[in-house]
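Breakdown of the fold
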Amino acid sequence: MATTRDAEIRKDVQTYYGQVLKKSADLQTNACVTAARPVPKHIREALQNVNEEVSLRYYGCGLVIPECLENCWILDLGSGSGRDCYALSQLVGEKGHVTGIDMTEGQVEVANKYIEYHMEKYGFQAPNVTFIHGYIEKLGEAGIKNESYDIVISNCVINLVPDKQQVLQEVYRVLKHGGELYFSDVYASLELPEEVRTHKVLRGECLGGALYWKDLAILAQKIGFCPPRLVTANFITVQNKELENMIGDCRFVSATFRLFKLPKTGPTKRCQVIYNGGITGHEKELIFDANFTFKKDETVEVDEETAAILKNSRFAQDFLIRPIGEKLPTCGGYTALEAKDIIKDPFKLAEGSDSAKSRSPREAASGC
């Protein structure tokens, strides 16, 4: 029964994205076009180089381009027309590779149509991007091997899949140790009622399949990921009275999280770290998530989990990491690990973001 229902949902989503939506202006909520934080110059330039048709068929809910990408192998779940893939293919360079997978054949056709156009524009000798028609919860069937990617990204797509645990398990399988899932998606403030979860337009608009936000941490722990790290969050508005009435008291946010797959090592202690400013586009500071910002040459105390991530991921080369108390060579300041609450709730972060936007409207307009 569940399999039949999942197949029906998948077909509805394919129809919505393959036939109903022709461009991002056709959307009835801002779930798929909400602004993220200000975009670094090198990423803005990469996005400007993407073909116009590819960009017009873009339906993401955030900007899923993380930091430290040179030479990485990246997998994009639900790559659609390929906008993020083409931007990323510039940033990883000719020695890196980007694979996009999408279940909507029409979107994959649009993406494939422009491979030669983009490679010529970037001056690459051989294509470093591939597009596959397949399902993100069945990466094995698409030929994607174990531990083959440094980073997996997803832009407002996991909510469209009924079996989210299966998606996350597949991501965990294909990630290398030290790799991460960096993804934007839609989250609900409550468990959604059946009539919302099965509504075709709400499903297509990324609201009907939204995960109750607290369930993400439960799924991550069950599969083996580190606890989710919240990066950004913004409230979603519905520009349709009928849909608004159906949703009732439930609120929605689009939020970006990082999930790291770390090797099984012994317990890590709290550490002090210094960022060396070596990441392209983030030379002065690295905003790692909503709780940690690392300024160049400044010593920062971090908790055990953050220390383990920095030590065992692609970020290790950009940090000097030492035990608390050891003297470090630094010309910057020192930030102690305060006894403050770590922000994990995307609704709490979105409320803070809204307050900041009301105080600084010009800065709020600088999202993606």
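Use the structure listed above.
Predicted model, so just to flag it, every value in this text is computed and none were measured. (Residues numbered from 1 in each chain as written. Predicted model: local features only at pLDDT ≥ 70, side-chain atom pairs only at ≥ 80, totals over all residues. Heavy atoms only, no water.)

**What to know about unusual backbone geometry**
Backbone geometry at Cys68 places phi at a positive 60 degrees, although glycine is not the residue there. Tracing the sequence through the fold places Cys68 in the loop between α3 (52-56) and β1 (73-77). One non-glycine residue with positive phi stands out, namely Glu147, at about 45 degrees. (Helix = DSSP H or I, 4+ residues; strand = E, 2+ residues; numbered from the N terminus.)

**Focus on helix α12 (residues 304-312)**
Those residues of α12 not exposed but buried are Thr306, Ala307, Ala308, Ile309 and Leu310. On the buried face of α12, the contacting elements are β7 (229-235), β8 (252-260), β9 (271-275), β11 (293-295), β12 (299-302) and β13 (319-323). Regarding α12, its N-cap is Asp303, as a side-chain oxygen of that residue lies 3.0 Å from the backbone nitrogen of Glu305 further along. (Buried < 20%, exposed > 50% of the residue type's maximum accessible area, 1.4 Å probe, protein only. Contact = heavy atoms within 4.5 Å. Polar contact = N/O pair within 3.5 Å; in protein donor to acceptor, adjacent residues only side chain to side chain.)

**A short note on the pairing of strand β4 (residues 149-155)**
Within β4, seven of the seven residues are buried, leaving the element largely enclosed by the surrounding structure. Regarding topology, helix α7 (residues 164-174) serves as the crossover connection from β4 to the parallel strand β5 (residues 175-188), and that connection is right-handed. (Right-handed = clockwise from strand over helix to strand, strands pointing away.)

**Structural notes on the packing of aromatic side chains**
Counted under the stated rule, the structure contains 14 aromatic pairs. With 6.2 Å between their ring centres and 65 degrees between their planes, Phe288 and Phe294 make a pair best called edge-to-face. Every member of this aromatic cluster is reached through a ring pair, and the members are Phe260, Tyr275, Phe288, Phe292, Phe294, Phe315 and Phe319. Taking NZ or CZ as reference, Arg258 lies 4.6 Å from the ring centre of Phe288, over its face. A cation over an aromatic ring shows up here: Lys261 above the ring of Tyr172, its NZ or CZ 4.7 Å from the ring centre. (Phe/Tyr/Trp six-rings, centres within 6.5 Å; stacked < 30°, edge-to-face > 60°. Lys NZ or Arg CZ within 6 Å of the ring centre and 35° of its normal.)

**Here we look at the pattern of salt bridges**
The final tally for this structure, using the stated rule, is 16 salt bridges. Between Glu67 and Arg258 there is a salt bridge, with the nearest N and O atoms lying 2.9 Å from each other. Of this pair, Glu67 sits in the loop between α3 and β1 while Arg258 sits in strand β8, and the two are 191 residues apart along the sequence. For the pair shown, Glu67 and Arg258 are each scored as buried. Taking the shortest distance from any N to any O, the salt bridge between Arg314 and Glu180 comes out at 2.9 Å. Taken as a pair, Arg314 in the loop between α12 and β13 and Glu180 in strand β5 lie far apart in primary sequence, 134 residues in all. Here Arg314 matches Glu180 in class, with each residue buried. (Salt bridge = Lys/Arg side-chain N within 4 Å of Asp/Glu carboxyl O.)

**Here we look at the sheet that holds strand β14 (residues 334-335)**
Taken in spatial order, the four strands line up as β13-β9-β12-β14 in an open sheet, and their pairing is mixed. Strands at the two margins of the open sheet, each flanked by one partner only, are β13 and β14. With four bridges joining them, β9 and β12 adopt antiparallel strand pairing. Paired with Cys271 across the bridge in β12 is Val302. (Pairing = 2+ DSSP bridges.)

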